[in-house]
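# Examining the three-dimensional arrangement
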Amino acid sequence: MKILALLLSISLFIACNINKETVESIYIKKSLNNDIILKYPKSQYITHFYDKKDDTIIFNLSRQQFDTIQILYTKYVISYPNNTEIYLKNNSFETLAYETKYHFNLKNRNSKIITLFDVGGNNVDKEYKNFMEFDTYIQKLLKSKKELKNKPRKNSIPYI
C-alpha cells in the first residue's frame, strides 16, 4: 500500500510538471534600435546604430530576479497562444506604431512570441492586461540596472 501511495505521488508530481513551460531566456526586440537578451546570470542590452558599431552592455541578473521572471511568466504569459499581438491604443487616429517583440525561449525547446504595438497610448484590451503586468516588471527591472543607466542614446534610422 505504501508503494502504491509513493507511485501515485510520483506520477502526480510528474504529471504536474509535464506541461510546465520553463523560460530559458527572453529575447526582446524594441523597434529597430535595441535588442535585450535576458538570461541568468548574464544578460545583454544591445543598441543598434546606423552610422557606427553596435554597443553591447552586459549586465547581471540575480537568481531571484530570473526566478521572478519565471513566476510572472507562469502567472501572466503562459496562457497566451504563440504569435499573440497586443495593441497599446490611444483615442486618436495615430497610425505609427512602435513594435516590441518578446521571444520566449523555453527549456522544452519550444518558443513563444508576443508582440506589442504601441500607437501612443496605454489602453489595452482587457484580455491582455495580464501581459502588461509582465511587461511592467521587465521595464522596471531594466531601469533598476546600474549598468544601463548610462547606455548610449540611439540615433534614428533614416527612412529610405
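Above this text sits the structure in question.
This section reports on the structure supplied with the text. The residue numbering used here restarts from 1 in each chain and proceeds along that chain's sequence as written. This being a predicted model, a pLDDT of at least 70 is required before a residue's local features are given, and a value of 80 or more before pairs of side-chain atoms are given or counted; all residues contribute to the totals for chains, interfaces and linings. As a convention, hydrogens and water are excluded, and side-chain values are obtained from all of the structure's heavy atoms.

## Brief notes about the packing of aromatic side chains
Two rings belonging to Phe, Tyr or Trp (six-membered ring only in the last case) form a pair when the distance between their centres is within 6.5 Å. Interplanar angles under 30 degrees mark stacking, angles over 60 mark edge-to-face geometry, and anything in between is tilted. Applying the stated rule across the entire model yields eight aromatic pairs. Summarising the aromatic geometry, the rings of Phe 131 and Phe 134 are spaced 5.8 Å apart at their centres and angled 35° between planes, so their arrangement reads as tilted. One end of the pair, Phe 131, and the other, Phe 134, are both in helix 3 (residues 129–144), three residues apart, so they sit about a helical turn from each other. When sorted by exposure, Phe 131 lands in the same class as Phe 134, which is buried. Through a chain of ring-to-ring contacts, the aromatic side chains of Tyr 73, Tyr 80, Tyr 102, Phe 104, Tyr 128, Phe 131 and Phe 134 assemble into a single cluster. Above the plane of the ring of Phe 49 lies Lys 52, whose end atom (NZ or CZ) is 4.5 Å from the centre. Taking NZ or CZ as reference, Arg 63 lies 4.0 Å from the ring centre of Tyr 40, over its face. Secondary structure elements follow DSSP: runs of H or I of four or more residues count as helices, runs of E of two or more count as strands, with numbering from the N terminus. For every residue, the accessible area obtained with a 1.4 Å probe (protein chains only) is divided by the maximum for its type, and the residue is called buried under 20%, exposed over 50%, and partly exposed between those limits. Each ring is checked for a lysine NZ or an arginine CZ that lies within 6 Å of its centre and within 35 degrees of its normal; such an atom marks a charge sitting over the ring.

## A word on the side chain of Lys 145
Tracing the backbone shows Lys 145 in the segment after helix 3. Despite being buried, Lys 145 has no salt bridge partner; Glu 147 is the closest side chain of opposite charge, sitting 5.5 Å away. Throughout, a residue-residue contact means that at least one pair of heavy atoms, one from each residue, lies within 4.5 Å. When residues no more than four places from it in sequence are discounted, the contact partners of Lys 145 are Phe 59, Asn 60, Leu 61 and Gln 65. All tallies of charge rest on Lys and Arg as positive and Asp and Glu as negative; His and the ends of each chain are not included. Here, a salt bridge means any side-chain nitrogen of Lys or Arg that lies within 4 Å of a carboxyl oxygen of Asp or Glu.

## Things to note about the pattern of salt bridges
Pairing between side chains of opposite charge can happen when their charged atoms approach one another. According to the stated counting rule, one finds four salt bridges in the structure shown. Notably, a salt bridge pairs Lys 112 with Glu 21, separated by 3.8 Å at the nearest N-O pair. Within this pair, whereas Lys 112 is found in strand 7 (residues 111–118), its partner Glu 21 is found in the loop between helix 1 (2–18) and strand 1 (23–30), the two being separated by 91 residues in sequence. Residues Asp 35 and Lys 29 are paired through a salt bridge, measuring 3.1 Å at the closest nitrogen-oxygen approach.

## Side note on the side chain of Lys 112
By relative accessible area, which is 5% here, Lys 112 ends up buried. Throughout this description, a polar contact denotes any pair of N or O atoms lying within 3.5 Å of each other; where both atoms belong to protein, one of them has to be capable of donating a hydrogen while the other can accept it, and for residues adjacent in sequence the pair is counted only when both atoms sit in side chains. Among the polar contacts listed, one links the side chain of Lys 112 to the backbone oxygen of Ile 78, at a separation of 2.7 Å. Residue contacts for Lys 112: discarding those within four places in its chain leaves Glu 21, Tyr 73, Val 77, Ile 78, Ser 79, Tyr 80, Pro 81, Asn 82, Tyr 102, His 103 and Phe 104.

## Observations concerning the sheet that holds strand 7
Taken together, the seven strands give an open sheet; going across it, the order is 4-3-2-1-6-7-5, and neighbouring strands pair in mixed fashion. In the strand order of this sheet, the two ends are held by strand 4 (55–60) and strand 5 (84–88), each with one partner. Here the strands of the sheet are splayed against their neighbours by 15° on average, with no regard to which way each runs. Pairing of strand 3 (residues 42–47) with strand 4 involves six bridges; the strand directions are antiparallel. Looking at the pairing, Gln 44 lines up with Ile 58 of strand 4. Throughout, an axis means a line fitted to C-alpha atoms (over the contacting stretch in the case of helices), and angles, computed between N-to-C directions, take values from 0 to 180 degrees. Helix 2 (residues 63–77) contacts strand 1, strand 2 (34–38), strand 4, strand 6 (98–106) and strand 7 of the sheet and is inclined by roughly 80° relative to strand 1. Together, strand 1, strand 2, strand 4, strand 5, strand 6 and strand 7 form the strand contacts of helix 3, whose direction differs from that of strand 6 by roughly 95°. At least two DSSP bridges between two strands are needed for those strands to be called paired.

## Some thoughts on the pairing of strand 6
Where strand 1 and strand 6 come together, seven bridges link them in antiparallel fashion. Considered in strand 6, the bridge of Ile 26 is made with Phe 104. Across eight bridges, the pairing between strand 6 and strand 7 is antiparallel. Opposite Tyr 98, over in strand 7, you have Asp 118 as the bridge partner. Two successive antiparallel strands, strand 6 and strand 7, enclose a turn made up of four residues, where Arg 109 displays a positive phi of approximately 70°.

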